[in-house]
Amino acid sequence: MKNKKVLAALIGLIILVLVGGIALWKNNQADKSTSKATTTIRVGSKDFTESLVVSEIYALALEDNGYKVDRVSNISSSLIHKSLVNDEIDLYPEYTGTELLTILGDDMETDPDKVYQTVKKEYEEKYNLTWLNYSEANDSSGLAMRKETADKYNIKTISDLQKNASNIRMASQGEYEEREDGLPALEKVYGEFNWKSSKVYDNSLKYQILENDEADVTPAYTTEGRLAETDKFVLLEDDKHVWPPYNLAPVVRDNVLETNPSIKKILNKVSAKLDTATVTKLNAKVDVDGEEYTDVAKDFYDSIK
């Protein structure tokens, strides 16, 4: 009888511990949900399509995971880093190459992982800011060609272009021939480009110029929306790596991550879904098709969540 009483007491104690543990777990979960619901994350963006779309995707991901979000949009590219450092925003999408060269003033590097590790380390040391995982999406400098011309001369890389330059009409933007990261950078690595012709056009008209067969090649950025029209345009491979990588990544204030560690997992999941082709298509939906960037971001987020 005594053993039965002891056993019953032990079983009762175990039940109490289990019930108490479950209640404590539920309370912890409730506290976490309440904490997220009362925490507002200020998500910033620069003042151009790609940054607006990506920052909106970040915002939607955070809201979907219980956070309140305050969107701080259209900040000048020259001011947004200062906005983050000055605690005016909590995070925003940035480019590794931009920060390496513009903010840190470091030497150019063309290896994506080395660029990322450099900015990650220096941002932590100098600014108490954290770079989360970078995406494959790379908004770097490049050269775009008419597909018809590229196919005719079998041009896929910038090396191919240099060898066929005498057959190619260049649509320049004037300063490209003088700018350090323009034609001089190309010729330093690839050799001289002896164009069939080279004329200066307004940057906003460059794809129209190619489409109208007035030129064959033009400077471009590698995620511009018109490049989604692969039946018309070809983005040439920078096979000798003249330009540094400009991979997209969220940059977050350390104190925000410390109090909201789940942000890391949420935004890293988004970054894993963004590559150059995907971001180009998102830009095209806004800049070519005329859709609202908020709708484009929502459609994309709904497809990956």
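Keep in mind the model is a prediction, meaning the values are calculated, not measured.

Right, let's get into the pairing of strand β6 (residues 169-172). As paired elements, β6 and strand β7 (residues 197-200) share 4 bridges and run parallel to each other. For S172, the partnering residue across the bridge sits in β7 and is V200. Once the chain exits β6 it traverses helix α8 (residues 183-190) before rejoining the sheet at β7, and the crossover so formed is right-handed.

The subject of this paragraph is unusual backbone geometry. Trans peptide bonds make up the majority, and among non-glycine residues the majority have a negative phi. Phi at D87 takes a positive value of approximately 65°, unusual for a residue other than glycine. The residue D87 is located in the loop between α3 (80-85) and β3 (91-95) in this model. The backbone phi angle of H241 is positive, close to 55°, even though this residue is not glycine. Position of H241 among the secondary structure elements: in the loop between β9 (233-235) and β10 (248-253).

Glancing now at the packing of helix α2 (residues 49-64) against helix α11 (residues 262-271). The description of two helices packed together rests on the angle between their axes and the distance between the axes. The interhelical angle for the contact between α2 and α11, taken along N-to-C directions, is 135°, at an axis separation of 10 Å. Judged by the inter-axis angle, α2 sits oblique to α11. The chirality of how α2 crosses α11 is right-handed. The segment α2 lies against α11, with I57, Y58, A61 and L62 engaging I263, I266, L267, V270 and S271. Partitioning the contact of α2 with α11 into residue classes produces 8 nonpolar, 1 polar and no charged.

In this model, α2 (16 residues) spans 22 Å end to end at C-alpha, consistent with the 22 Å of a helix rising 1.5 Å per residue. Burial runs high along α2: 14 of the 16 residues are buried. Looking one or two residues beyond α2, the residue adopting positive phi is G66, at roughly 100°.

What counts as what
Residues numbered from 1 in each chain as written. Predicted model: local features only at pLDDT ≥ 70, side-chain atom pairs only at ≥ 80, totals over all residues. Heavy atoms only, no water. Pairing = 2+ DSSP bridges. Helix = DSSP H or I, 4+ residues; strand = E, 2+ residues; numbered from the N terminus. Right-handed = clockwise from strand over helix to strand, strands pointing away. Axes fitted to C-alpha atoms, helices over the stretch in contact; angles between N-to-C directions. Parallel < 35°, antiparallel > 145°, perpendicular 65-115°, else oblique. Left-handed = near helix turned anticlockwise from the far one by under 90°. Contact = heavy atoms within 4.5 Å. Nonpolar A, V, L, I, M, F, W, Y, C, P; charged D, E, K, R; others polar. Expected span 1.5 Å × (residues − 1). Buried < 20%, exposed > 50% of the residue type's maximum accessible area, 1.4 Å probe, protein only.

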